[in-house]
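One-letter residues, chain by chain:
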Amino acid sequence: MMVLNDDYRLLHGGSIKEGGLARNEAILGWLRENKKIEEIRLDKGRIKNAIITLKILRKTNNETIYMFYPTVGIPVLKDGIAGKLCSELFISSLNKACLHNRVMVDICDLKFEQSIDLEIDKDRLKAIKRTEKRLFDSPCEFVFASESMKEYAANKYSIPLHRCHVLDNGGNFEFAETDFPKVSSKIKLVYAGTLNKGRCIETMIDSMKNVHNAVLYLCGTGGDWIREEDNIKYLGSLDESGAHYIVSQCDIGLIPYDSSRRYYNIAYPTKLAFYITAGIPFISTDVKEVKKIYDRYNIGYIAEIDAWNNLFESIDREEIKKQKDKIEIFSKEFSWDYKCKNSILSEL
């Protein structure tokens with residue numbers, strides 16, 4: 001089994017790893033420990049990476065090739081003549097590889113839907129749309145990061161279901177004890193993730209106004225603009241194990257996604273597994289993949305952000321304890337190890 005590791009794109013220390021990069025690194029780690037693989041490491045040389053990637057796709061025979069989208073070793077989402085050329089070379093090489101190999105592409109995000117709903121990469125929408133249509137028209141197998149993402153993509157691109165698999169995002173049980181100025185008399189709310197303005201971050205912070213029985217801890221990159229108050233504490237950027245320890249010392253994790261946007265309803269939040277493997281329940285907006293967990297395990301709280309202020313004031317400590325006790329029983333089901341073992345990866 002050959003695995004293409006676009007290594008230079010992974011984050012190493014200094015910040016919380018989340019989303020697609022955390023997923024790629026977790027899957028790579030599991031494959032290293034549990035499967036016999038030939039890992040093809042790519043680094044900062046774009047031209048060299050492209051040559052290696054195209055050579056593997058064109059020359060390999062009778063192998064299983066596992067790769068990650070959109071970090072495929074060649075810039076396929078660029079606009080202009082160079083971008084079109086890269087996309088064409090990649091797709092044609094991918095189609096050729098599928099004739100003689102089992103080619104599997106891990107899909108952490110549908111970049112077109114993500115770009116529209118999160119209002120990012122607008123200048124590349126045409127290139128993203130072109131590449132994704134041709135990618136999903138190819139005879140590869142696809143491993144999606146959520147059931148909703150699989151269903152949406154299979155329907156949109158008419159992908160045969162036997163070539164679609166699901167591997168939900170997971171979490172780890174790694175904790176690195178760090179200083180945490182917790183306020184023991186108050187309920188401890190926590191948000192761990194990117195804190196750039198937008199994406200409902202300001203609305204989440206505003207929901208703490210006039211809340212007297214709780215304090216919100218924020219940890220992640222991009223939060224230098226945040227003004228601390230008595231019940232709002234910004235802890236800065238932390239590595240994953242340090243952030244996980246802080247989350248484990250809190251009572252409830254927050255997932256403030258805009259439930260009116262398609263992307264948030266097809267994605268499986270990395271935060272969800274991050275909180276549960278830390279042993280705490282969540283408060284989330286009514287997004288599809290979180291709602292499934294809420295219904296299946298009868299844990300957490302679902303409410304739109306404009307109702308969070310009242311929810312914070314009404315939370316009962318005894319109920320939080322009951323939820324934590326319940327989570328302790330099944331939290332292992334949210335670990336990367338459990339999710340990988342119970343996915344298509346175990347059959348490779």
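All of the points below concern the structure found in this document. If you're wondering where the values come from, they're calculated on a predicted model, not measured in any experiment.

1. Quick word on the packing of aromatic side chains
Part 1 of the argument: A full pass over the atoms with the stated rule returns twelve aromatic pairs.
Part 2 of the argument: Their ring planes at 55° and their centres at 5.4 Å tell us that Tyr297 and Phe334 sit as a pair that is tilted. Taken together, the positions of Tyr297 in helix α11 (residues 288–297) and Phe334 in the loop between α13 (317–330) and α14 (336–341) put the pair 37 residues apart, joining distant regions of the chain. Assigned by exposure class, Tyr297 and Phe334 land together as buried.
Part 3 of the argument: Joined through ring pairs, the aromatic side chains of Phe136, Phe142, Phe144 and Tyr157 make up one cluster.

2. What to know about the environment of Asp106
Part 1 of the argument: Mapped onto the elements of the fold, Asp106 is located in strand β4 (residues 102–107).
Part 2 of the argument: With relative accessibility at 0%, the residue Asp106 sits in the buried group.
Part 3 of the argument: Once the C-alpha coordinates of Asp106 and Arg23 are considered, the two residues, 83 residues apart in sequence, prove to be 9.5 Å apart.
Part 4 of the argument: Excluding residues that lie within four positions of it along the chain, Asp106 makes contacts with Arg23, Ile27, Tyr66, Met67, Phe68, Tyr69 and Val143.

3. A word on the environment of Glu63
Part 1 of the argument: Mapping Glu63 onto the fold places it in the loop between α2 (46–59) and β3 (64–69).
Part 2 of the argument: You can call Glu63 partly exposed: its relative accessible area is 25%.
Part 3 of the argument: In this structure, the C-alpha to C-alpha distance between Glu63 and Gly29, residues 34 residues apart in sequence, is 20 Å.
Part 4 of the argument: With sequence-adjacent residues up to four places away left out, Glu63 is seen in contact with Met1, Met2, His100, Asn101 and Arg102.

4. Considering the pairing of strand β10 (residues 252–255)
Part 1 of the argument: Neither face of β10 is exposed, since Ile252 and Leu254 on one face and Gly253 and Ile255 on the opposite face are all buried.
Part 2 of the argument: Pairing of strand β7 (residues 187–192) with β10, which is carried by two bridges, proceeds in the parallel orientation. Bridge pairing in β10 links Leu189 to Ile252.
Part 3 of the argument: Bridge count between β10 and strand β11 (residues 282–284): three bridges; the pairing is parallel. Looking at the pairing, Leu254 lines up with Ile283 of β11.

Cut-off values and rules
- Residues numbered from 1 in each chain as written.
- Predicted model: local features only at pLDDT ≥ 70, side-chain atom pairs only at ≥ 80, totals over all residues.
- Heavy atoms only, no water.
- Phe/Tyr/Trp six-rings, centres within 6.5 Å; stacked < 30°, edge-to-face > 60°.
- Helix = DSSP H or I, 4+ residues; strand = E, 2+ residues; numbered from the N terminus.
- Buried < 20%, exposed > 50% of the residue type's maximum accessible area, 1.4 Å probe, protein only.
- Contact = heavy atoms within 4.5 Å.
- Pairing = 2+ DSSP bridges.

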